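# Examination of the molecular architecture
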Number of protein chains: 2
Amino acid sequence: MPKITINDIAKKAGVSKTSVSYAFNDPGRLPKETVQRILEIAKEIRYVPNPIARSMTTGRTGALGVLLPMSIPEIIPSPFLSEFLFGISEVCTEVGFSIMLVPPIMGSMEQAISNAAVDGFITLGVEENTEAMVMLRRRNIPFITVDSDPIAGVPAVNIEDEVGARAVMDYVLKAGHRNLVIIAIKSETPCRFQEYVGTLRQRMNGYLSALENFDLELDGDQVRLLECESTVSAGQEIFKHLWNSQTKPTAIVAMSDVIAVGIISAAKEQGVRIPADLSIVGFDDIPIASIVFPALTTVSQPIYGKGELAATLLIQNIKGKHKDAHHILPTKLIIRESVRPPAT
Amino acid sequence: MPKITINDIAKKAGVSKTSVSYAFNDPGRLPKETVQRILEIAKEIRYVPNPIARSMTTGRTGALGVLLPMSIPEIIPSPFLSEFLFGISEVCTEVGFSIMLVPPIMGSMEQAISNAAVDGFITLGVEENTEAMVMLRRRNIPFITVDSDPIAGVPAVNIEDEVGARAVMDYVLKAGHRNLVIIAIKSETPCRFQEYVGTLRQRMNGYLSALENFDLELDGDQVRLLECESTVSAGQEIFKHLWNSQTKPTAIVAMSDVIAVGIISAAKEQGVRIPADLSIVGFDDIPIASIVFPALTTVSQPIYGKGELAATLLIQNIKGKHKDAHHILPTKLIIRESVRPPAT
DNA sequence: TTGTAAGCGTTATCAA
DNA sequence: TTGATAACGCTTACAA
């Protein structure tokens, strides 16, 4: 099956390549009959303009890349990415863009970035001073960061992680809890919370600041820190681990709803009543949060809105409007039923 | 900022374009010093080979397209797509492919298909005899269908929808229910279940076949059919609607877990006890199914495995092995706590 | 209104 | 081992 090109159509229709090109891209310039004849022949011999060749000359691909963090297994199973992509895709549908998910190629983000035929990138949790960031700059196409420490000159979308975290911790403390465990999302600097970056750092800061108001600190005694991956099963594991240990907290502050949901289900299994025996809060307000029993008190963030805004900004930049504002979307404490004052 | 090309590097390094190309793609052929010098200069002036131009000559993009059905809003928010993409992405990461999500461009699937610079497509629920299918053939690149009625000569991945549906309906009937409502996913042929196609048809067939064994049929009397979108909120709506009507069923058979979860939460809100007052089953076994209270009896399907298999097959076909087998993955009845014999 | 011809930035071929 | 040079398939000034 020899490939059919614009030349074949031109020959068969007795016109030039130019006319065929016009028939597809700017039909108004040709007499209707000609357009129709060309399109018919094209259909007949199953011709479709080669999108790569088209991109070659136009310099545009009509796709935007979404750079997934190293740990896809960590992020994809969560309902988070769906919602985020949904926000992006709504914008894309409107303006006629496709979405390229760019996972690391054989472990290398750099290679993935350099290979992706896209007009711009949205990065998710990619921090400054990484190889990925260097390559991103080399590509010399617009990109915008989401959930990273903002970088000068690069548009950014973030949420009020710190505000939200402070609010939810404050709520737990006001309920009277003093003996608690913070469950952070596992990072590359295990339990060295002073070295956290990005979202992790912001949320931690929020927790610490609320603790400070109550003259508490992360001392490993009253207030402890554990880490686990942001998956339901990891949450279940950590609960078992925690509940088998000597000192049981009266409240758990989890850095993600996914973890919290895992904890709730494991607690239920072991006959631990929530919130009677143990209070718990999460972060993100994913859809399940309102559906689990008891409904989870958490911090809502506009995940959909984040995707939507990121895509909108990126496309503006692709279209030449240079904007590099840093946007911060609000978070909100959502009070449900998973917190009660400690027993006794 | 003038674009930097392979020429700039060649000039600066005092070598030919060919050598620069080798330095990037086949470094073994050049003396190590030369390679190093070229790469250094490239880094210095921030050169990255243009992926489009590369695709132009190689004829390969290193991306596979995932064709989303018309209704993204319908599918993306569900945990289904995440899991499916996760399966695909694991394979892609291994072999160095990216994933292009291809939503309709301004409502047109055809245009989206024709524009996507990919080496092959995975379609999700796209049926034969659609415009999309015609365009897919015109593209003349490999594609494989998932969750569609199999097409001769086109590799397909499906699950035992009918078997699973029959099993779950049978389970409900054996529990003693006779007064029930089937909630189907809203289609383009509303309530004309004889005209259902694809997954919808398979599941419906399964339900009907189980009913037949109990000498029951879909008569609008004992066994009724309703339709709703596969979203939690649509599930909640339909429950309210249903529970306000005259005749209340003793069991609900929902065609998706998402719907079932919506129903459960709405029921809880209205004080209807599940399964004491009402039994319910779903389909898919999404992660929430085991977490909601009561845990949902449903049919599990290997969503992740579907993505994995589809990607594997597609990539094999892209690499030239022509396979067009139709694969059918198993489903399994998962018994949990949402069904009990009817009261009285 | 239509056609000619010059790119677009690579990789592949083949000769030096 | 290296370097000209010809594709690759399309768009787009510019010319007719």
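Here's what I pulled together on the structure shown here. These numbers were taken from a predicted model, which means no experiment stands behind them.

### Focus on the overall build of chain A
Counting its regular elements, chain A contains 13 helices and 12 strands. Compactness check: chain A gives a C-alpha radius of gyration of 26 Å against a globular reference of 20 Å for 344 residues, more than 25% above the reference. Viewed in the frame of its principal axes, chain A has a C-alpha envelope of about 90 × 40 × 35 Å. A total of 344 residues make up chain A; the buried ones form 48% of that total.

### Some thoughts on the interface of chain B and chain A
Every contact between the two is made by 50 residues of chain B and, on the other side, 49 residues of chain A. Broken down by secondary-structure element, the contributors of at least two residues to the side of chain B that touches chain A are α4 (51–58), α6 (79–95), β2 (98–102), α7 (109–115), α8 (131–139) and α12 (257–269) of chain B. Of the residues in the side of chain B that touches chain A, the class split is 33 nonpolar, 12 polar and 5 charged.

### Points about the protein's contact with DNA strand C
Close contacts around DNA strand C come from 26 residues, with B:Ile6, B:Ser21, B:Asn50, B:Ala53 and B:Thr57 the closest. Residue composition of the surface near DNA strand C, grouped by class: 9 nonpolar, 12 polar and 5 charged.

### Examining the environment of A:Glu33
With respect to the element layout, A:Glu33 can be found in helix α3 (residues 32–44). Each C-alpha atom, one on A:Glu33 and one on A:Glu131, is 55 Å from the other, the two residues being 98 residues apart in sequence.

### As for the protein's contact with DNA strand D
If you check the shell around DNA strand D, you find 26 residues, and the closest are A:Thr5, A:Ile6, A:Ser21, A:Ala53 and B:Ser16. Secondary structure elements with two or more residues in the surface near DNA strand D: α2 (17–25) and α4 (51–58) of chain A together with α2 (17–25) and α4 of chain B. When grouped by side-chain class, the residues that make up the surface near DNA strand D number 9 nonpolar, 12 polar and 5 charged.

### So, the pairing of strand β5 (residues 156–159) of chain B
Residue and element names in this part refer to chain B. A two-sided burial pattern is seen for β5, the buried positions comprising Ala156 and Asn158 on one face and Val157 and Ile159 on the other. Pairing of strand β4 (residues 143–146) with β5, which is carried by 2 bridges, proceeds in the parallel orientation. Its bridge partner lying in β5, valine 146 is registered against valine 157. Relative to strand β11 (residues 326–329), β5 runs parallel, the two sharing 4 bridges.

### Let's talk about helix α3 (residues 32–44) of chain B
Residues and elements named next belong to chain B. Under the 1.5 Å per step criterion, the end-to-end length of α3 is 18 Å for 13 residues, consistent within 8% with the ideal 18 Å. Residues of α3 that are buried include every one of Ile38, Ile41 and Ala42, and no others. For α3, the angular spread of buried residues about the axis comes to 105°, placing them on one side. In this structure, α3 carries Lys32, Glu33, Glu40, Lys43 and Glu44 as exposed residues pointing more than 90 degrees from its buried face. Among the structural elements, α1 (6–13) and α2 are those in contact with the buried residues of α3. Trailing α3 by a residue or two, arginine 46 shows a phi angle of about 60°, which is positive.

### Notes on the packing of α2(B) against α3(B)
All names here are of chain B. The N-to-C vectors of α2 and α3 enclose an angle of 95°; their axes lie 9 Å apart at closest approach. Classed by the angle they form, the pair α2 and α3 counts as roughly perpendicular. Taken together, the residues of α3 that come into contact with α2 (itself represented by Ser19, Val20 and Ala23) are Thr34, Val35, Ile38 and Leu39. Looking at side-chain class alone, the contact of α2 with α3 contains 5 nonpolar, 2 polar and no charged residues.

### A closer look at the relation of the copies chain B and chain A
Placing chain B over chain A gives an RMSD of 0.1 Å and needs a rotation angle of 180°, together with 0.1 Å of translation along the axis. Such values leave the two copies arranged in the relation of a two-fold axis. Nearest to the rotation axis, the C-alpha of B:Met100 is located 2.1 Å from it, this being the minimum over chain B. Of all interface residues in chain B, 98% are interface residues in chain A too; the two copies therefore contact each other through one and the same surface.

### Quick notes on the sheet that holds strand β5 (residues 156–159) of chain A
If you trace the 12 strands from one edge of the open sheet to the other, you get β11(A)-β5(A)-β4(A)-β3(A)-β1(A)-β2(A)-β2(B)-β1(B)-β3(B)-β4(B)-β5(B)-β11(B), paired in mixed fashion. With partners counted over all chains shown, the strands left at the sheet margins are β11 (326–329) of chain A together with β11 of chain B, one partner each. Between one strand and the next, the sheet's axes are offset by a mean angle of 20°, whatever the strand orientation. With respect to the sheet, helix α13 (residues 303–318) of chain B is in contact with β1 (63–67), β3 (121–124), β4, β5 and β11 of chain B, its orientation differing from that of β4(B) by roughly 160°.

### Overview of unusual backbone geometry
All names here are of chain B. With an omega dihedral of 5°, the bond running from isoleucine 274 to proline 275 counts as a cis peptide bond. Considering the arrangement of structural elements, one finds proline 275 in the loop between α12 and β9 (279–281). Of note, the bond from phenylalanine 293 into proline 294 is cis; its omega dihedral lies within 30 degrees of zero at -5°. The residue proline 294 is located in the loop between β9 and β10 (298–300) in this model.

### A few points about the sheet that holds strand β8 (residues 251–254) of chain A
Residue and element names in this part refer to chain A. Ordered by their spatial adjacency, 4 strands build an open sheet running β7-β6-β8-β9, and the pairing between neighbours is parallel. Each end of this open sheet is capped by a strand with a single partner; those strands are β7 (223–228) and β9 (279–281). The mean angle between the axes of side-by-side strands here comes to 20°, regardless of whether they run parallel or antiparallel. This element, helix α11 (residues 232–244), spans β6 (180–185) and β7 of the sheet and lies at about 140° to β7.

### Section: the pairing of β7(A)
The side chains of a regular strand alternate between both faces of the sheet. All names here are of chain A. Across 6 bridges, β6 lies against β7 in parallel orientation. When the sheet's bridge partners are listed, valine 181 is paired in β7 with arginine 224. In this view, the connection linking β6 to its parallel neighbour β7 by way of helix α10 (residues 198–213) has right-handed handedness.

### Brief notes about α2(A)
All names here are of chain A. Taken together, the buried positions of α2 are Ser19, Val20 and Ala23. Around the axis of α2, the buried residues are gathered within 100° of arc, so they sit on the same side. More than 90 degrees from the buried face of α2, the exposed residues found are Thr18 and Asn25.

### What to know about the environment of B:Pro302
Residue and element names in this part refer to chain B. Note on placement: proline 302 falls in the loop between β10 and α13. When the 17 C-beta atoms within 10 Å are taken as the criterion, proline 302 is described as partly exposed. Each C-alpha atom of the pair proline 302 and alanine 175 lies 26 Å from the other, and the pair is 127 residues apart in sequence.

### Comments concerning the packing of α1(B) against α3(B)
Residues and elements named next belong to chain B. Viewed as axis vectors pointing N to C, α1 and α3 meet at an angle of 125°, and their least axial separation amounts to 10 Å. Here α1 lies oblique to α3, going by the angle between them. Crossing handedness for the pair α1 and α3: right-handed. Only Arg37, Ile38, Ile41 and Ala42 of α3 make contact with α1, whose side of the interface consists of Ile9, Lys12 and Ala13. When grouped by side-chain class, the residues that make up the contact of α1 with α3 number 5 nonpolar, no polar and 2 charged.

Quick notes on the rules
Residues numbered from 1 in each chain as written. Chains lettered and ligands numbered in written order. Predicted model: local features only at pLDDT ≥ 70, side-chain atom pairs only at ≥ 80, totals over all residues. Helix = DSSP H or I, 4+ residues; strand = E, 2+ residues; numbered from the N terminus. Rg over C-alpha atoms; globule rule 2.2 N^0.38 Å. Buried ≥ 20, exposed ≤ 12 C-beta atoms within 10 Å, placed from the backbone. Contact = placed C-beta atoms within 7 Å. Nonpolar A, V, L, I, M, F, W, Y, C, P; charged D, E, K, R; others polar. Near = placed C-beta within 6 Å. Pairing = 2+ DSSP bridges. Expected span 1.5 Å × (residues − 1). Arc of directions from axis to C-beta. Axes fitted to C-alpha atoms, helices over the stretch in contact; angles between N-to-C directions. Parallel < 35°, antiparallel > 145°, perpendicular 65-115°, else oblique. Least-squares fit on C-alpha atoms with pLDDT ≥ 70 in both. Right-handed = clockwise from strand over helix to strand, strands pointing away. Left-handed = near helix turned anticlockwise from the far one by under 90°.

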